[in-house]
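Reading the structure
If you want the building blocks of each chain, they are given just below.
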Amino acid sequence: MKMLFAGVIYMICIEDGGDSIFKEEEESIKQLILERELQNTPFLFVIRGDAEESKGIAEDLTERLQAALEGRSWDIISVRDHSQEDADLVLQVLEKMLSRHS
């Protein structure tokens, strides 16, 4: 019997005003990670946009979600717009998370 494992990739696209965009999405993110059906599902948060602003958003997201994600498989990465290398990185990170989770 082959088992299938799934993960959630949640992308946050930041442009001008990245902080306000994140705050609008924060409640949606918290509801998603608290879904009962997703209790054992790995989460990969992908922040797409300006490198410096992405770093700040990643740090803020980590602080805000640390307690809710304690004991769970999750990660945050930042990517650039329209970068195939970064798209490949997202898939590689998720694959590693899923292989550790199995």
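Residues numbered from 1 in each chain as written. Predicted model: local features only at pLDDT ≥ 70, side-chain atom pairs only at ≥ 80, totals over all residues. Heavy atoms only, no water.

Looking at the overall build of the protein
Secondary structure summary: the protein contains three helices and three strands in total. The order of α-helices and β-strands along the protein, N terminus first, is β-α-β-α-β-α. Residue burial in the protein is summarised as follows: out of 102 residues, 36% are buried. Long-range contacts, defined as pairs at least 24 residues apart, comprise 72% of the intrachain contacts of the protein with a sequence gap of at least 6. (Helix = DSSP H or I, 4+ residues; strand = E, 2+ residues; numbered from the N terminus. Buried < 20%, exposed > 50% of the residue type's maximum accessible area, 1.4 Å probe, protein only. Contact = heavy atoms within 4.5 Å.)

What to know about the pairing of strand 2 (residues 43-48)
The element strand 2 is extensively covered by neighbouring structure, given that five of its six residues are classed as buried. Sheet analysis places strand 1 (residues 8-13) next to strand 2, joined by six bridges and oriented parallel. Across the sheet, Tyr10 pairs through a bridge with Phe45, a residue of strand 2. Alignment of strand 2 against strand 3 (residues 74-79), held across six bridges, turns out to be parallel. Within the sheet, the bridge partner assigned to Leu44 lies in strand 3 and is Asp75. (Pairing = 2+ DSSP bridges.)

Topic: the nonpolar core
Residues Ile29, Phe45, Leu61 and Leu65 are the most contacted members of the largest nonpolar core, which totals 16 residues. Looking at this core, the element that brings in the most residues is helix 2 (residues 51-65), giving four residues. One finds Leu44, Val90, Leu94 and Met97 within the second-largest nonpolar core, a separate group that totals nine residues. (Core = buried A, V, L, I, M, F, W, Y, C linked by side-chain atoms within 4.5 Å.)

Regarding the packing of aromatic side chains
Here the structure, examined in full by the defined rule, presents two aromatic pairs. Relative to Phe45, the ring of Tyr10 has its centre 6.2 Å away and its plane inclined at 50°; by these criteria the two rings are tilted. Highlighted residues: Tyr10 in strand 1 and Phe45 in strand 2, separated in sequence by 35 residues. Under the relative-accessibility criterion, Tyr10 is labelled buried at 15%. With centroids separated by 6.0 Å and ring planes inclined at 15°, the aromatic side chains of Phe43 and Phe45 adopt a geometry described as stacked. Taking the relative accessible area as the measure of exposure, Phe43 reaches 0% and is therefore buried. Taken together, the ring pairs connect Tyr10, Phe43 and Phe45 into an aromatic cluster. (Phe/Tyr/Trp six-rings, centres within 6.5 Å; stacked < 30°, edge-to-face > 60°.)

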